[in-house]
Amino acid sequence: MSEETPALRRDAEHNRQRTLAAAREVFAARGLQATLNDVAHHAGLGVGTVYRRFPNKEALAEAVYAGKLDDIRAAAQAAQAAQDAYQALRAFIEHALEQAATDRGLRELMRRGAGESELIERAREGIAESCGRLIARAKEQGTLRADITVGDIAPIVSMIDSVMDLPSTGAAQPWRRYLVLILDGLRTGRSTP
């Protein structure tokens, strides 16, 4: 029996990794409306195998995205070290949206409100906290409009999210152009782009 147990554990871990890899691909392409059955099929596993590791789609989404959101949170925290707070805020927002541009599931997760897992909520709160600090510093530096608040960031991200699926016209992705227009509108004293 002791010889079978490690083999079973290796097999279970292998199936877990296959499930996570399949979930990343399925959620990125189809979003969080994809089912555990969809993920199991894509992984080439039985749905029971997936349910043994992940009791529901929320648990699987957490396993797939908690690390990615934590990386985005870390980038927001790192941005606070920059001298120019407006440029740091701008670079962070661009970075976060680049992460989401090819991942429909991440975009949907970023749009959602409260009620997520504790790990995802903590990442989201950390991102908002860091953005709030950058906004306050940029206002102090006189580079950000005085009426901008941290509450403006989520709607801006949602606006850009809504154009991410527009077809590219040449080398540039349309969402990048609209992001530049919006971010330039947040800056003080800009008479020309």
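Here the structure is a predicted model, which means the values were calculated and not measured.

About the criteria used
- Residues numbered from 1 in each chain as written.
- Predicted model: local features only at pLDDT ≥ 70, side-chain atom pairs only at ≥ 80, totals over all residues.
- Heavy atoms only, no water.
- Helix = DSSP H or I, 4+ residues; strand = E, 2+ residues; numbered from the N terminus.
- Buried < 20%, exposed > 50% of the residue type's maximum accessible area, 1.4 Å probe, protein only.
- Contact = heavy atoms within 4.5 Å.
- Areas by Shrake-Rupley, 256 points an atom, 1.4 Å probe, with all protein chains shown as cover.
- Lys, Arg positive; Asp, Glu negative; His and termini not counted.
- Charge placed at Lys NZ, Arg CZ, Asp CG, Glu CD.
- Phe/Tyr/Trp six-rings, centres within 6.5 Å; stacked < 30°, edge-to-face > 60°.
- Patch = residues over 30% accessible without salt bridge, like charges linked within 9 Å, V, L, I, M, F, W, Y side chains within 5 Å.
- Salt bridge = Lys/Arg side-chain N within 4 Å of Asp/Glu carboxyl O.

1. Notes on the overall build of the chain
Inference 1: A tally of regular secondary structure across the chain gives 9 helices and 0 strands.
Inference 2: Each helix and strand of the chain, placed in order from N terminus to C terminus, yields the pattern α-α-α-α-α-α-α-α-α.
Inference 3: Considered along the principal axes of its C-alpha atoms, the chain spans approximately 75 × 35 × 25 Å.
Inference 4: Relative to its full complement of 193 residues, the chain shows a buried share of 38%.
Inference 5: Across the chain, every contact between residues at least 6 apart in sequence was considered, and the portion connecting residues at least 24 apart equals 66%.
Inference 6: When the accessible surface of the chain is summed, it comes to about 10,700 Å², and 52% of that surface belongs to carbon and sulfur atoms.
Inference 7: Of the charged side chains in the chain, 26 are positive and 26 negative; the average position of the first set lies 2 Å away from that of the second.

2. Here we look at the packing of aromatic side chains
Inference 1: Within this structure, the stated rule accounts for 1 aromatic pair.
Inference 2: Taking the centre distance of 6.4 Å and the plane angle of 25° together, the rings of Phe27 and Tyr65 count as stacked. With Phe27 in helix 1 (residues 4-30) and Tyr65 in helix 4 (residues 57-79), this residue pair connects regions lying 38 residues apart in the sequence.

3. Regarding the side chain of Asp161
Inference 1: Mapped onto the secondary structure, Asp161 falls in helix 8 (residues 153-163).
Inference 2: The exposure class of Asp161 is buried, given its relative accessible area of 9%.
Inference 3: Contact partners of Asp161, with chain neighbours within four places excluded, come to Arg107 and Arg111.

4. Notes on a nonpolar patch on the surface
Inference 1: On the surface, Leu166, Tyr178 and Leu181 cluster together to form a nonpolar patch covering roughly 270 Å² of accessible area.
Inference 2: Mapped onto the fold, Tyr178 is located in helix 9 (residues 174-186).
Inference 3: On the accessibility criterion, Tyr178 (34% relative accessible area) is partly exposed.

5. Points about the pattern of salt bridges
Inference 1: For the structure shown, the criterion picks out 13 salt bridges.
Inference 2: With a shortest N-O distance of 3.3 Å, Glu118 and Arg122 are connected by a salt bridge. Linking Glu118 with Arg122, this pair stays in helix 7 (residues 118-141), spanning 4 residues, or about one helical turn.
Inference 3: Given the relative accessible area of 62%, Glu118 is considered exposed.
Inference 4: You can call Arg122 partly exposed: its relative accessible area is 38%.
Inference 5: For Arg133, the salt bridge identified is with Glu129, shortest N-O distance 3.3 Å. Here Glu129 and Arg133 lie together in helix 7, a separation of 4 residues that amounts to about one turn.
Inference 6: Since its relative accessible area comes to 43%, Arg133 is described here as partly exposed.

6. Considerations on the environment of Met164
Inference 1: As for its placement among the helices and strands, Met164 is situated in the loop between helix 8 and helix 9.
Inference 2: Residue Met164 is classed as buried on the basis of its relative accessible area, which comes to 9%.
Inference 3: Considering only alpha carbons, one finds Met164 and Gln83, 81 residues apart in sequence, at a separation of 30 Å.

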